[in-house]
Amino acid sequence: GAGVSQSPRYKVAKRGQDVALRCDPISGHVSLFWYQQALGQGPEFLTYFQNEAQLDKSGLPSDRFFAERPEGSVSTLKIQRTQQEDSAVYLCASSLGGTGYQTFFGQGTRLTVV
Amino acid sequence: EDKVVQSPLSLVVHEGDTVTLNCSYEVTNFRSLLWYKQEKKAPTFLFMLTSSGIEKKSGRLSSILDKKELFSILNITATQTGDSAVYLCAFIIQGAQKLVFGQGTRLTINP
């Protein structure tokens, strides 16, 4: 595709609900990243995939957060039993081969937990 | 703990002014520093700086890195209302595949 595509753009979830956020990276990009951006803050790293392998998940804040990229292309970030502190913009990014290459970001999904 | 601090956090200027945004860092195993512009949601890449003292330039924007004093600046000359955005700096450390971002500077250009 022309750019990194994320869906949905906006998601409102009731506390305790499970949500799934989708990321479609640029075609051919090996590396995929998820970041969480709270209001007024810079993005914070969540996890990194190289093809289908999740090589770094050190930024996932709890075991309620789970990410997958089963075929090395589309990725899904799942949050179970959402809590109010999960409210943030979730940004997906991709690059040809890691951070040494230019990283392109999607528009993000704004998650609001009520 | 690695950290990056941006200043000022917020800046309001008039169209045509020149602005300088600051980014200081304390990072072990530093590899590169990057600047991004974030207008609505998607940060867009501006510069990647790896070597000290070499200015990167793109139109009215320029940036330089000082690895001895551990900071970088982003200059914007002849500002336009379209420059209004949050400007983020981030660094990459050796052996890690992630960007560590600062809090950002919110720049507002008034006509």
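The structure this text deals with has already been given above.
Throughout what follows, the structure given in this document is the object of discussion. (Residues numbered from 1 in each chain as written. Chains lettered and ligands numbered in written order. Predicted model: local features only at pLDDT ≥ 70, side-chain atom pairs only at ≥ 80, totals over all residues. Heavy atoms only, no water.)

With the rule as written, the count across this model stands at ten aromatic pairs over all chains. Both rings, one in A:Phe105 and one in B:Tyr36, keep their centres 5.5 Å apart while their planes meet at 85°; by these two values the pair is edge-to-face. Here the residue A:Phe105 occupies a position in strand β10 (residues 104-105), and B:Tyr36 occupies one in strand β4 (residues 30-38), the pair thus bridging two chains. Of the two residues, A:Phe105 and B:Tyr36, neither departs from the other in class, the shared state being buried. Aromatic side chains B:Tyr36 and B:Phe45 sit 6.0 Å apart centroid to centroid with 80° between the ring planes, which places their arrangement in the edge-to-face category. Chaining the aromatic ring pairs together yields one cluster made of A:Phe33, A:Tyr35, A:Phe45, A:Tyr48, A:Phe105, B:Tyr36, B:Phe45 and B:Phe101. (Phe/Tyr/Trp six-rings, centres within 6.5 Å; stacked < 30°, edge-to-face > 60°. Helix = DSSP H or I, 4+ residues; strand = E, 2+ residues; numbered from the N terminus. Buried < 20%, exposed > 50% of the residue type's maximum accessible area, 1.4 Å probe, protein only.)

Residue and element names in this part refer to chain A. Evaluation of the coordinates by the stated rule reveals five salt bridges over all chains. The partner of Asp-24 in a salt bridge is Arg-22, and the shortest N-O contact between them spans 3.5 Å. Accessibility expressed as a relative area gives 39% for Arg-22, which makes it partly exposed. (Salt bridge = Lys/Arg side-chain N within 4 Å of Asp/Glu carboxyl O.)

With that settled, the discussion passes to the nonpolar core. Counting residues in hydrophobic clusters, the biggest one holds 24 residues, and the most contacted among them are B:Tyr25, B:Phe30, B:Leu33, B:Trp35, B:Tyr87 and B:Leu107. Looking at this core, the elements that each hand over two or more residues are β3 (19-26), β4, β5 (43-49), β7 (61-66), β8 (71-76), β9 (85-93) and β11 (105-110) of chain B. Per-element accounting of this core gives the leading share, five residues, to β9(B). Counting residues in hydrophobic clusters, the runner-up holds 20 residues, among them A:Val19, A:Leu32, A:Leu46 and A:Cys92. (Core = buried A, V, L, I, M, F, W, Y, C linked by side-chain atoms within 4.5 Å.)

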